[in-house]
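A closer look at the structure
Here's the letter readout for the chains.
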Amino acid sequence: MKYINAAEILPDKLVREIQKYANGQLIYIPKTTGNKEWGTLSGALSYYSERNRMIRDAHDRGETIDDLAERYGLAHSTIRNIIYQNHE
């Protein structure tokens, strides 16, 4: 992230007011627009949501955690977390 001197972009009155609180310190000013949820732009969120739904459905039909771990290449603990994340 590139730093910008506040005096270059902010009015003098505002810079003096900020100096009362953070004189000489680096501060971060967040964007006003909210960040997108992880995976929404890349499609990863929908991919993993669908995969996890399929894992839960298969388990509900009687497939074992061992079978699901083997099929999806995931650790047993990961399969357990997926199965029980929405059942609590």
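The rules behind the values
- Residues numbered from 1 in each chain as written.
- Predicted model: local features only at pLDDT ≥ 70, side-chain atom pairs only at ≥ 80, totals over all residues.
- Heavy atoms only, no water.
- Helix = DSSP H or I, 4+ residues; strand = E, 2+ residues; numbered from the N terminus.
- Rg over C-alpha atoms; globule rule 2.2 N^0.38 Å.
- Buried < 20%, exposed > 50% of the residue type's maximum accessible area, 1.4 Å probe, protein only.
- Contact = heavy atoms within 4.5 Å.
- Lys, Arg positive; Asp, Glu negative; His and termini not counted.
- Charge placed at Lys NZ, Arg CZ, Asp CG, Glu CD.
- Axes fitted to C-alpha atoms, helices over the stretch in contact; angles between N-to-C directions.
- Parallel < 35°, antiparallel > 145°, perpendicular 65-115°, else oblique.
- Left-handed = near helix turned anticlockwise from the far one by under 90°.
- Nonpolar A, V, L, I, M, F, W, Y, C, P; charged D, E, K, R; others polar.

With that settled, consider the overall build of the protein chain. Secondary structure assignment for the protein chain yields five helices and zero strands. Ordered by position from the N terminus, the helices and strands of the protein chain form the series α-α-α-α-α. Relative to the compact-globule value of 12 Å for 88 residues, the protein chain shows a C-alpha radius of gyration of 24 Å, a clear excess of over 25%. A burial count over the protein chain gives 17% of its 88 residues as buried. Considering only intrachain contacts with a sequence separation of at least 6, the fraction spanning at least 24 residues in the protein chain is 31%. Across the protein chain, the centroid of the 12 positively charged side chains sits 10 Å from that of the 12 negatively charged ones.

With respect to the helices, strands and loops of the structure, Asn52 is situated in helix H3 (residues 44-60). A relative accessible area of 12% means that Asn52 is categorised as buried. Spatially, the C-alpha atom of Asn52 lies 9.9 Å from that of Gln85, the residues being 33 residues apart in sequence.

For the rest of this paragraph, the subject is the packing of H3 against helix H4 (residues 65-72). In the contact formed by H3 and H4, the axes pass within 10 Å of each other and the chain directions differ by 150°. One element, H3, and the other, H4, form an angle in the roughly antiparallel class. Considering only the axes of H3 and H4, their crossing is right-handed. Side by side, H3 and H4 meet where Arg51, Met54, Ile55, Ala58 and His59 of the first sit next to Ile65, Leu68 and Tyr72 of the second. Considered class by class, the residues forming the contact of H3 with H4 number six nonpolar, one polar and one charged.

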